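Single-letter residue listing:
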Amino acid sequence: MNATATIRKRFSAEAENWDRLYDTRPSSIYEHNLWERRRTALAYAGRTPGRILDVGCGPGNVTIELPESADITATDFAVPMLRNAQTAAHDRRKSVDLAASDATAIPFGDETFDTVMALGLMEYIPSPESVLAEMTRILAPGGNLVISLPNAASPFIKVDDALKTTKNAVTQVLIPARIRRRVKALLGKLDAPYFTHNRHRFEVEAIANTLMQLGYDIESQKYHTFGFGVLNWVRLNQWLNRKLETYTETHPNLEKLGWTIVLKAKKRS
Ligand SMILES: C[S@@+](CC[C@H](N)C(=O)[O-])C[C@H]1O[C@@H](n2cnc3c(N)ncnc32)[C@H](O)[C@@H]1O
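Residues numbered from 1 in each chain as written. Predicted model: local features only at pLDDT ≥ 70, side-chain atom pairs only at ≥ 80, totals over all residues.

### A short note on the sheet that holds strand E4 (residues 113-118)
With respect to topology, seven strands assemble into an open sheet ordered E3-E2-E1-E4-E5-E7-E6, the strand pairing being mixed. Among the strands making up the open sheet, the edge pair consists of strand E3 (96-100) and strand E6 (216-224). For this sheet the average axis-to-axis angle between neighbouring strands, irrespective of direction, equals 15 degrees. As defined by bridge partners, strand E1 (residues 51-55) adjoins E4 across three bridges and the pair is classed as parallel. Following the sheet pairing, Asp-54 is matched in E4 by Met-117. Packed on one face of the sheet, helix H3 (residues 79-91) meets strand E2 (71-76) and E3 and runs near 175 degrees to E3. Set on the sheet, helix H7 (residues 204-213) makes contact with strand E5 (139-150), E6 and strand E7 (260-267); between it and E6 the angle comes to about 155 degrees. (Pairing = 2+ DSSP bridges. Helix = DSSP H or I, 4+ residues; strand = E, 2+ residues; numbered from the N terminus. Axes fitted to C-alpha atoms, helices over the stretch in contact; angles between N-to-C directions. Contact = placed C-beta atoms within 7 Å.)

Now the structure itself:
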């Protein structure tokens, strides 16, 4: 199975779990990361009417929060995710056009949308440049691209990645497959390492250069989430995250330690 097929299969099986991450107020650093990137991206998308596309929409937790006044479309390549998104839109009485598609070949004409949004998508794309080019094609001149990227320079993400890789290596090698599968099934989990080889982390300057070459000006950017995912059970970790998030608002250099950056870039007319 190639990388894209593995990721699609994995997300297809994760639709329910993913939805639950937005159910109650965030209780872990991972959930905080999702909520904060949604909050920032929705603020960047603004409340103006227009045609908005949410690429890699998952079960629609961000899509359904987009402004009523907008003409909303959402795509994902995992069909179970789209089914959940449809239910979410129906429950909220929101009109959302949904389409199953790979982000590398979005089934819309050139310059169709005023805003294109992609949260938590770029890290799963084998060739992120191809998706940036595709999103640029369908975005109208003067339109906004709103994307989130995991920050390669974040010490929190580095520690988390190293520990996850070690944990995956140890559990895959030391625990017999049969026992591992049983234990995971009891915990309601899939027996697969969590995307160890396919998740990209981004050098923000390199991405900013790519965007400028594609014809964008960066209008806004915000880093967020400061804490160790592995210390989720330590209350102090959440407290530290809150303090650092406030502190970094006035100390821009420290801001660059955050897990995630959300960027708003305007396509030149
Ligand atoms: C981490 S989830 C994020 C969902 C949602 N945007 C959010 O922020 O809650 C990533 C989503 O991207 C989708 N995805 C990953 N690679 C994709 C691709 N190549 N084409 C389309 N969708 C993709 C997955 O199926 C999944 O639903």
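Next comes the rest of the description.
### Focus: unusual backbone geometry
Residues apart from glycine generally show negative phi values, whereas peptide bonds are mostly found in trans. Notably, Arg-93 is not glycine yet its phi reads approximately 50 degrees, a positive angle. Inspection of the secondary structure assignment puts Arg-93 in the loop between H3 and E3. Classification of Arg-93 as exposed rests on a count of 8 C-beta atoms within 10 Å. We note that Glu-111 has phi near 55 degrees; this positive angle belongs to a residue other than glycine. Looking at the element boundaries, Glu-111 is found in the loop between E3 and E4. (Buried ≥ 20, exposed ≤ 12 C-beta atoms within 10 Å, placed from the backbone.)

### Re the environment of Gly-60
Along the chain, the position of Gly-60 falls in the loop between E1 and E2. Taking the C-alpha atoms as reference, Gly-60 lies 21 Å from Arg-199; in sequence the two are 139 residues apart.

### Description of the site of the ligand
Neighbouring the ligand are 20 residues; Phe-11, Gly-56, Gly-58, Ala-103 and Gly-120 lie closest to it. Residues of the shell around the ligand, tallied by class, amount to 13 nonpolar, five polar and two charged. (Near = placed C-beta within 6 Å. Nonpolar A, V, L, I, M, F, W, Y, C, P; charged D, E, K, R; others polar.)

### Digging into the pairing of E2
E2 sits mainly inside the fold: five of its six residues count as buried. The pairing of E1 with E2 spans five bridges and is classified as parallel. By the bridge assignment for E2, Ile-52 is matched with Ile-72. Looking at chain direction, E2 and E3 are connected through five bridges and run parallel. Bridging from a neighbouring strand, Thr-75 pairs with Ala-99 of E3. Between E2 and its parallel partner E3, the chain crosses via H3, and the hand of that crossover is right-handed. (Right-handed = clockwise from strand over helix to strand, strands pointing away.)

### With respect to the environment of Leu-231
Summarising the element assignment, Leu-231 is placed in the loop between E6 and helix H8 (235-248). Taking the C-alpha atoms as reference points, Leu-231 and Ser-28, separated by 203 residues in sequence, lie 8.8 Å from one another.

By themselves these figures say nothing about function.
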